[in-house]
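Observations on the three-dimensional arrangement
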Amino acid sequence: MKLHYGLDELNDIDWLAVLQVIWPFMMVGFILILVALIDLYRHRKARTNVMLWTILILFFNTIGPILYFTIGRKGAKHHEVRN
């Protein structure tokens, strides 16, 4: 059994097959980011730390939008009730 592989074995990979597996995950991550940014933009007056949430959503691809939807929107509900 071969335990170590070199970079020359990368040429043997069927990249089309790998892309078919990775593509749905990439699309779900992209849609999640897009929906989080749209929601943040639409409610930017009610949200606090809009720039921080934008950076988190963009640079922490999957975890950023999930954190925004679980934490970032909870704090905004108090602001919406007051207005």
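Rules and cut-offs
- Residues numbered from 1 in each chain as written.
- Predicted model: local features only at pLDDT ≥ 70, side-chain atom pairs only at ≥ 80, totals over all residues.
- Heavy atoms only, no water.
- UniProt positions renumbered as here; feature names shortened; annotations may be inferred.
- Helix = DSSP H or I, 4+ residues; strand = E, 2+ residues; numbered from the N terminus.
- Polar contact = N/O pair within 3.5 Å; in protein donor to acceptor, adjacent residues only side chain to side chain.
- Contact = heavy atoms within 4.5 Å.

Within an unreviewed UniProt entry, the label attached to the chain reads Negative regulatory protein YxlE, and the organism entered is Lysinibacillus sphaericus. The annotation that UniProt attaches to the chain under Subcellular location (unreviewed entry) is "Cell membrane".

Turning our attention to the UniProt feature "transmembrane region" (unreviewed entry) in the chain. As annotated in UniProt, the feature "transmembrane region" (unreviewed entry) corresponds to residues 15-38 and 50-71 in the numbering used here. Structurally, residues 15-38 comprises 100% helix and 0% strand, and the distance from its first C-alpha atom to its last is 33 Å. Along residues 50-71, the helical share is 86% and the strand share 0%, with 13 Å between the first and last C-alpha atoms.

Within the secondary structure layout, Asp39 lies in helix α1 (residues 15-42). In this structure the side chain of Asp39 is engaged in a polar contact, spanning 2.7 Å, whose partner is the side chain of Tyr68. Contacts of Asp39, omitting those with residues within four sequence positions, involve Arg47, Tyr68, Phe69 and Arg73.

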